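Residues per chain are reported as follows:
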Amino acid sequence: MNKIDLSQCLALMVLAACAVPALAEAPSTALPAAALESFRPQDPAWAARLVPDDTQATCIRSRNLPEGEEAAALLKRETDSVRFPADGKLLGDWRRGEAIAQNGRGLQHSDAPDTVVGGNCYACHQIAPNEIGYGTIGPSLLGYGRLRGQGEFIQRYTWTKIYNAQAYVPCSIMPRFGTQGILGEQDIADLMALLLDPDSPVNAEPAAETSNDSADR
Ligand code: HEC
């Protein structure tokens, strides 16, 4: 075999070796260079967000379905990251909570770094009855406190869920608002009030049935 034959042969072997196993391998957890270059970070802290943390890496590798020890480690890590307010006050002002739930601005690469950051909850949830433009990726939260109660258990569950959705559901699509520093403690308390305060429109009794049909029955 002369020199040219050998290199051609090697090239073919490399091609053959790469083509098949790549399909079976878990996806890489690093973003491709082209994707990284397409971002124009406005401050250095933003660049750090392009590196997946341990949980994001697990979710990428397992295609959002981690199992066994890996899932258990993820749940523990995310649960351990949840912080409760030092003063123990989990309920703030529902009016502020509604504004935060409505606000979809902040932390996008086109936003100025000082943009007020919202929760964008309506993008995925139905919440107060007068907002008719909402997404349905998440369950409806209309009537949340009226249906669930407002006791300590449901308060701690809801705080944990907003602070870090993955403390309950590995690889949840819901952002980890507290753990990732998207929202502060006061913001989360205000959202809690939106969901749980008996005076919040979320918990108003549904309008009475007024159709003639039901009156006849
Ligand atoms: C990108 C979509 C998305 C966004 C944005 C989002 N959520 Fe969720 N949320 C979900 C999904 C999906 C679930 C159900 C699966 C799960 O539990 O992770 C959920 C579950 C919940 C639950 C638990 C509901 C239950 O029945 O126990 C609460 C409470 C909640 N979200 C509140 C919020 C609040 C408050 C915000 C805004 C700060 C918000 N979510 C933003 C997708 C989202």
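Everything numeric in this text was worked out from a predicted model, so none of it was measured.

I'd like to hear about the overall build of the protein, residue by residue, with values.
Helix and strand counts for the protein come out as eleven helices and zero strands. Scanning the protein from its N terminus toward the C terminus, one meets helices and strands in the order α-α-α-α-α-α-α-α-α-α-α. Restricting to contacts in the protein with at least 6 residues of sequence separation, those with at least 24 account for 58%.

Lay out the site of the ligand with the relevant residues and their values.
G119, C121, C124, G138 and S172 are the nearest of the 23 residues found near the ligand. In terms of residues, the shell around the ligand owes the most to one element, helix α9 (residues 152–163), which gives three residues. Here the shell around the ligand is built from residues that sort into 16 nonpolar, six polar and one charged.

Could you give an account of the packing of helix α5 (residues 54–61) against helix α6 (residues 68–80), with specific residues and numbers?
Put simply, α5 and α6 touch, their axes get as near as 10 Å, and they point 150° apart. The angle between the axes of α5 and α6 places the two elements in the roughly antiparallel class. Our pair here, α5 against α6, has a crossing hand that is left-handed. Contacts between α5 and α6 pair D54, T55 and T58 from the former with E70, L74, R77 and E78 from the latter. Residues of the contact of α5 with α6, tallied by class, amount to one nonpolar, two polar and four charged.

Which residues make up the nonpolar core, and what values do they have?
Counting 26 residues, the largest nonpolar core has I127, I188, L191, M192, L194, L195 and V202 as its most contacted members. Secondary structure elements with two or more residues in this core: α7 (94–102), α9 and α10 (185–196). For this core, the element with the most residues is α10, which contributes eight residues. In this view, L191 contacts G97, I100, A101, G119 and I162; residues no more than four positions away in its chain are not counted.

Here is what the cut-offs are and how they apply
- Residues numbered from 1 in each chain as written.
- Predicted model: local features only at pLDDT ≥ 70, side-chain atom pairs only at ≥ 80, totals over all residues.
- Helix = DSSP H or I, 4+ residues; strand = E, 2+ residues; numbered from the N terminus.
- Contact = placed C-beta atoms within 7 Å.
- Near = placed C-beta within 6 Å.
- Nonpolar A, V, L, I, M, F, W, Y, C, P; charged D, E, K, R; others polar.
- Axes fitted to C-alpha atoms, helices over the stretch in contact; angles between N-to-C directions.
- Parallel < 35°, antiparallel > 145°, perpendicular 65-115°, else oblique.
- Left-handed = near helix turned anticlockwise from the far one by under 90°.
- Core = buried A, V, L, I, M, F, W, Y, C linked by C-beta atoms within 7 Å.
- Buried ≥ 20, exposed ≤ 12 C-beta atoms within 10 Å, placed from the backbone.

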